[in-house]
Amino acid sequence: MPLVPSYIKKLEKYKPGKSIQEAELESKASNYIKLSSNENPFGPSPMAIEAIKNIYSSLNRYPDANGFALRSKLAKKFNVKTDNVVIGSGSEGIMSSIMRTFLLSDDEIIGSEGSFIGFRVLANASGRKVHWVPMKEKKYNLEKMAEKITDHTKIIYIANPDNPMGTYITKSDFDIFYDYVPKRALIILDEAYYEYAQDQVDYPDSMFYRYDNVITLRTFSKAYGLGGLRLGYGFAHDYLVENLNKVKPPFEPSLPAQSAGIAALDDNQFLEKTIEENKTGMKYLSKEFESLSIEFITSYTNFITTVWENSNVAENIVDKLLERGIIVRKLSSFGWENCIRITIGTSKENAILIKVLKSII
Ligand SMILES: Cc1ncc(COP(=O)(O)O)c(C=O)c1O
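Remember, predicted model here, so these are calculated numbers, not experimental data. (Residues numbered from 1 in each chain as written. Predicted model: local features only at pLDDT ≥ 70, side-chain atom pairs only at ≥ 80, totals over all residues. Heavy atoms only, no water.)

Visitor: Mind laying out a nonpolar patch on the surface, listing which residues take part and the relevant values?
Guide: A contiguous nonpolar patch, built from Leu-3, Val-4, Tyr-7 and Ile-8 and spanning about 350 Å² of accessible area, is present on the exposed surface. With respect to the helices and strands, the residue Tyr-7 is situated in helix H1 (residues 6–9). Tyr-7 gets classed as partly exposed once you look at its relative accessible area, which sits at 34%. (Patch = residues over 30% accessible without salt bridge, like charges linked within 9 Å, V, L, I, M, F, W, Y side chains within 5 Å. Areas by Shrake-Rupley, 256 points an atom, 1.4 Å probe, with all protein chains shown as cover. Salt bridge = Lys/Arg side-chain N within 4 Å of Asp/Glu carboxyl O. Helix = DSSP H or I, 4+ residues; strand = E, 2+ residues; numbered from the N terminus. Buried < 20%, exposed > 50% of the residue type's maximum accessible area, 1.4 Å probe, protein only.)

Have a look at this one:
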């Protein structure tokens, strides 16, 4: 059809992790344990749930188009001006606005091969030239990414920590790379898993740098347990935010999302519990994987990627787990054929996973 541009025709459809409903349709097991989408296994922040209950009767009203209350709260928490804060329908929603706001027709994008699919889809859908640079030792290869910088480079994307590898680039990696990047190019530092990685001493918290050409992206989808609401936020120079806000759909995020976000930011108890339990789960799974001789990549997120002999072996493990009611994610669509990504669950879910894995292998 001539109506569809060729770069859109060529796009592969985004394949999300299997949902519980899908799994139930496909197999006979019930009470699925879903460890495939890096969601928060402890549910949504209770304070966010309360806040949503309190706005039911206002759902006939549009949300505040400036998102003032949530943006001010984020500004206060992270010690910046409200004008430096952007909010959107998930951090992916903000990424999409970034692409539409800043890219000229001959601009180029640099990203990493095998990294976050959400960005891959947006970059390929933009119709711009994209340089996908292979990783080195399961990490972003910043040296090779720097070599791809041209006079047309406009957006450089770094997920830190990365999904699906779970690895991060260190402060010194970032500092060296930053010196290569011209000021007319934007770096998107996607810190969706920031809360899980922030205690690593060499993790480069981009809010510490506050460079004029760096856009930090974070999300309520992971540590705050609000993936279903679609709420993300970002920090950038006010000039960038001002222009982003002209392009972003005016009434995003929704009223429930904005209200829940404001409340979730006060829910320290939930956040601390999430991070602590995730640490415990990560330790437990790592130890068990080691004792089962399952290769895995040390992760600073809420998931662990395991590495198998080949694609067939990985596929077999995924299928067998599914038959036994556990949904995990084979990473073929990311380009890692022999890898399976497993989200850290509750302690009960993690124990069941290990029990079932033991019986399979
Ligand atoms: C690296 C990374 N960035 C962004 C997202 C999406 O976040 P959001 O739900 O805020 O769109 C994810 C979700 O898995 C992710 O892994």
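Visitor: Can you break down the layout of surface pockets residue by residue, with the values?
Guide: Put simply, the largest pocket is a space of about 800 Å³. Around the largest pocket sit 41 residues that line it, and Ser-37, Asn-38, Glu-39, Ser-221 and Lys-222 are the ones nearest its centre. Among the elements that take part in the lining of the largest pocket, helix H5 (residues 90–102) stands out by supplying 4 residues, more than any other. Among the residues making up the lining of the largest pocket, the classes are represented as 16 nonpolar, 16 polar and 9 charged. Both domains that meet at the lining of the largest pocket, namely domain 1 (6–43 + 268–360) and domain 2 (46–264), each give it at least three residues. The volume enclosed by the second largest pocket comes to roughly 440 Å³. If you trace the second largest pocket, you find 16 residues lining it, with Lys-18, Val-318, Val-328, Arg-329 and Lys-330 closest to the centre. (1 Å grid on protein atoms, 1.4 Å probe; cavity = no way out; pocket = protein on both sides within 12 Å on 5 of 7 lines; lining within 4 Å. Points joined across faces, edges and corners; volume = space filled by probe spheres on them. Nonpolar A, V, L, I, M, F, W, Y, C, P; charged D, E, K, R; others polar. Domains from an automatic or database assignment.)

Visitor: Requested: an account of the site of the ligand, with residues and values cited.
Guide: In the neighbourhood of the ligand, the contacting residues comprise Gly-90, Ser-91, Glu-92, Phe-116, Asn-163, Asp-190, Ala-192, Tyr-193, Thr-219, Ser-221, Lys-222 and Arg-230. Separating an oxygen atom of the ligand from a side-chain N or O atom of Asn-163 is a distance of 2.7 Å. The contact in question runs from an oxygen atom of the ligand to an N or O atom on the side chain of Tyr-193, over 2.7 Å. Protein coverage of the free-state accessible area of the ligand, which is 400 Å², stands at 93%. The cavity where the ligand resides is the largest pocket. Examining the composition of the shell around the ligand, we find that 3 residues originate from one element, H5, more than from any other. (Near = heavy atom within 4 Å. Polar contact = N/O pair within 3.5 Å; in protein donor to acceptor, adjacent residues only side chain to side chain. Sits in = over half its atoms within 2 Å of the grid points.)

Honestly, that's just the spatial picture; any functional story needs more than this.
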